[in-house]
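Here's the letter readout for the chains.
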Amino acid sequence: MDNKLPSLINAKKRSIHETEIQRDLFYVDEKIANLGSGKTCYLRTYGCQANERDSETIAGILKRMGFTMIDDEKTADMIILNTCAIRKNAEDKVFGEIGYLKQYKDQRPELIIALCGCMAQEEAVIDLIIDKYPQIDLVFGTHNIYRLPQLLHQVMITQERVIEVFSKEGEVIEGIPTDRFIKHKAWVNIIYGCNKFCTYCIVPYTRGKERSRLLSDIIKEVSELKENGYKEITLLGQNVNAYGKDLGYQDGFSRLLEAVAQTNIERIRFTTSHPWDFTDETIDIMARYDNIMPFLHLPVQSGNNEILKLMGRRYTIERYKEIYDRLKKVIPNCSFSTDIIVGFPNETEEQFNDTLELYDYCQFDNAYTFIYSPREGTPAAQMEDNVSYQDKQRRLSILNEKVDHYAKIKNEAYLNKTVKVLVDGLSKKNKNVFSGYTQTNKLVNFIADEAKIGTIIDVLITDAKTWSLNGKRI
Ligand code: 5AD
Ligand code: SF4
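Residues numbered from 1 in each chain as written. Chains lettered and ligands numbered in written order. Predicted model: local features only at pLDDT ≥ 70, side-chain atom pairs only at ≥ 80, totals over all residues. Heavy atoms only, no water.

**Side note on the domain arrangement of the protein**
Phase 1 of the analysis: Segmentation of the protein into domains returns domain 1 (8–164), domain 2 (172–412) and domain 3 (418–473).
Phase 2 of the analysis: Distance between the C-alpha centres of domain 1 and domain 3: 36 Å. (Domains from an automatic or database assignment.)

**Side note on the state of the cysteines**
Phase 1 of the analysis: The final tally for this structure, using the stated rule, is 0 disulfides.
Phase 2 of the analysis: Cysteine cysteine 201 shares no disulfide, and the gap to the nearest cysteine sulfur, in cysteine 198, comes to 6.0 Å.
Phase 3 of the analysis: Residue classification places cysteine 201 among the buried positions, given a relative accessible area of 13%. (Disulfide = S-S within 2.5 Å. Buried < 20%, exposed > 50% of the residue type's maximum accessible area, 1.4 Å probe, protein only.)

**Regarding the pairing of strand S2 (residues 40–45)**
Phase 1 of the analysis: One ladder, built from 2 bridges, connects S2 with strand S3 (residues 68–69); its direction is parallel. Bridge pairing links threonine 40 to threonine 68 in S3.
Phase 2 of the analysis: Alignment of S2 against strand S4 (residues 78–83), held across 5 bridges, turns out to be parallel. The residue bridging cysteine 41 from the neighbouring strand is methionine 78, located in S4. (Pairing = 2+ DSSP bridges. Helix = DSSP H or I, 4+ residues; strand = E, 2+ residues; numbered from the N terminus.)

**Some remarks on the packing of helix H11 (residues 317–330) against helix H12 (residues 349–362)**
Phase 1 of the analysis: Look at H11 against H12: their axes get within 11 Å of each other, and the N-to-C directions meet at 15°. In terms of orientation, H11 lies roughly parallel with respect to H12. Both H11 and H12 take part in a crossing whose hand is right-handed. Across from Ile317, Tyr320, Lys321, Tyr324 and Asp325 in H11, the residues of H12 making contact are Leu358, Tyr361 and Cys362. (Axes fitted to C-alpha atoms, helices over the stretch in contact; angles between N-to-C directions. Parallel < 35°, antiparallel > 145°, perpendicular 65-115°, else oblique. Left-handed = near helix turned anticlockwise from the far one by under 90°. Contact = heavy atoms within 4.5 Å.)

**Concerning the side chain of asparagine 144**
Phase 1 of the analysis: With respect to the helices and strands, asparagine 144 occurs in the loop between strand S6 (138–140) and helix H5 (148–158).
Phase 2 of the analysis: For asparagine 144, a relative accessible area of 0% gives the class buried.
Phase 3 of the analysis: At 2.8 Å, the side chain of asparagine 144 forms a polar contact with the backbone nitrogen of glycine 141.
Phase 4 of the analysis: Filtering out sequence-adjacent residues up to four positions away, asparagine 144 remains in contact with Leu151, Glu164, Val165 and Phe166. (Polar contact = N/O pair within 3.5 Å; in protein donor to acceptor, adjacent residues only side chain to side chain.)

**A few points about the environment of aspartate 24**
Phase 1 of the analysis: Inspection of the secondary structure assignment puts aspartate 24 in the loop between strand S1 (21–22) and S2.
Phase 2 of the analysis: Counting along the chain gives 122 residues from aspartate 24 to tyrosine 146, while the straight-line C-alpha distance between them is 9.9 Å.

**Some thoughts on the nonpolar core**
Phase 1 of the analysis: In this structure, Ile233 and Leu235 are the most contacted members of the largest nonpolar core, which totals 69 residues.
Phase 2 of the analysis: No other element matches the 6 residues that helix H8 (residues 252–261) contributes to this core.
Phase 3 of the analysis: Setting aside anything within four residues of it in sequence, one finds isoleucine 233 in contact with Ala186, Val188, Val222, Leu225, Val260, Ile265, Arg267, Ile268 and Arg269.
Phase 4 of the analysis: In this structure, Ala85, Phe95, Ile113 and Val125 belong to the second largest nonpolar core, which totals 31 residues. (Core = buried A, V, L, I, M, F, W, Y, C linked by side-chain atoms within 4.5 Å.)

**Concerning a negative patch on the surface**
Phase 1 of the analysis: A contiguous patch of negative charge, built from Glu123, Asp127, Asp131 and Glu376, is present on the exposed surface.
Phase 2 of the analysis: Mapped onto the fold, glutamate 376 is located in the loop between strand S16 (366–371) and helix H13 (389–412).
Phase 3 of the analysis: Given a relative accessible area of 56%, glutamate 376 falls into the exposed group. (Patch = residues over 30% accessible without salt bridge, like charges linked within 9 Å, V, L, I, M, F, W, Y side chains within 5 Å. Areas by Shrake-Rupley, 256 points an atom, 1.4 Å probe, with all protein chains shown as cover. Salt bridge = Lys/Arg side-chain N within 4 Å of Asp/Glu carboxyl O. Lys, Arg positive; Asp, Glu negative; His and termini not counted. Charge placed at Lys NZ, Arg CZ, Asp CG, Glu CD.)

Below, the structure written as structure tokens:
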């Protein structure tokens, strides 16, 4: 079998050659165009929005090949796990699921089980799969989703296990079909990969180098989404603020954001930002256009400069506060969220207290908080660590108390106010309860006689909880 296996060493390489835009790599030969006809597929997605978006591509390809996507893993002819590698617990969940799926494979040997996404890019994971998990028939990576028709064909005709993972820097591939799961909100990729190499992070290895889509391709996609009735788009990248650097654009993200705003699509969001590349101009553009939502997710990771340095983050807490101060000055109603890691190797109690202090300064609307998880192949995983797991857990719960405290206070500020909500759905239990998000990204559950999914309506806030608001349509 001609398997192509991942290599973290190759995945680390970065050359200066310009991003290549490939428009004809995806194809489906006539002989395999109906390979999925009469067959069903269950696709399960773990991890971040990049994976969600990749799953829409995978579903688009499968539908093109005749497969029907279903929600039931028990009866599916094919099961695909689109995996996340960010922390060990994300991987443990996937291995648990692979173990669980073995019973189906034993019952129905013709079942195809595939694994893709970020875990597929790790050599340790692939070694384990080769050794211990014969139930996996196909592995493909984050760079070769476009090869899915050919890989599936190979698995089906040879009935042998196929592993194809590229650890190259990657290119931008346009023209792959997409099956969007939601019909009024869409993810739009703007930049793939990451060059930051934060010392704890596996993403630069699993997703390749930073490479941007052409501005014209992005604007075309957004305009088409708008024409098709989409109300909200989220510009996606591991680090959106680096958009266009590889194409020679100056402050490409601000330029792109402005161009997207000028399409007049109703709501624009973007994620994830990195303080390193973040410019003041981005805040000014956010302020200038009503359709750019007043919400910023800006991961800080730690409130201590020495830890930030060890993490390879390349900004200081002073700079982070400067961005926050400017944001609040220019867009006072802007909501603000972050990511924080506690228990980085050798983090002292004082250094952790600096994180708490920063939290009090920024009073975040929300924060995703994590215990540091060593990732094989990253520099931080080589560091000795004198902090016990118990201490890490204690720090996490102290921090989480603060997170809850400010989340509640921030939500209480909405009481008795009227907000614009994009209606996402209807409660399963009560046909008069709907849900959606405010411009500032607050989840609202509200009562209404009727509310159409995909419309933007006024809701009066009547109750504030820690993680959501309650209200009624007015
Ligand atoms: N351990 C714990 N958290 C991590 N993150 C990234 N890598 C790790 C790791 N090794 C967190 C960061 C990042 C978020 C997506 O996940 O906070 O912003
Ligand atoms: Fe997980 Fe990161 Fe991969 Fe997203 S890019 S799936 S968060 S490892």
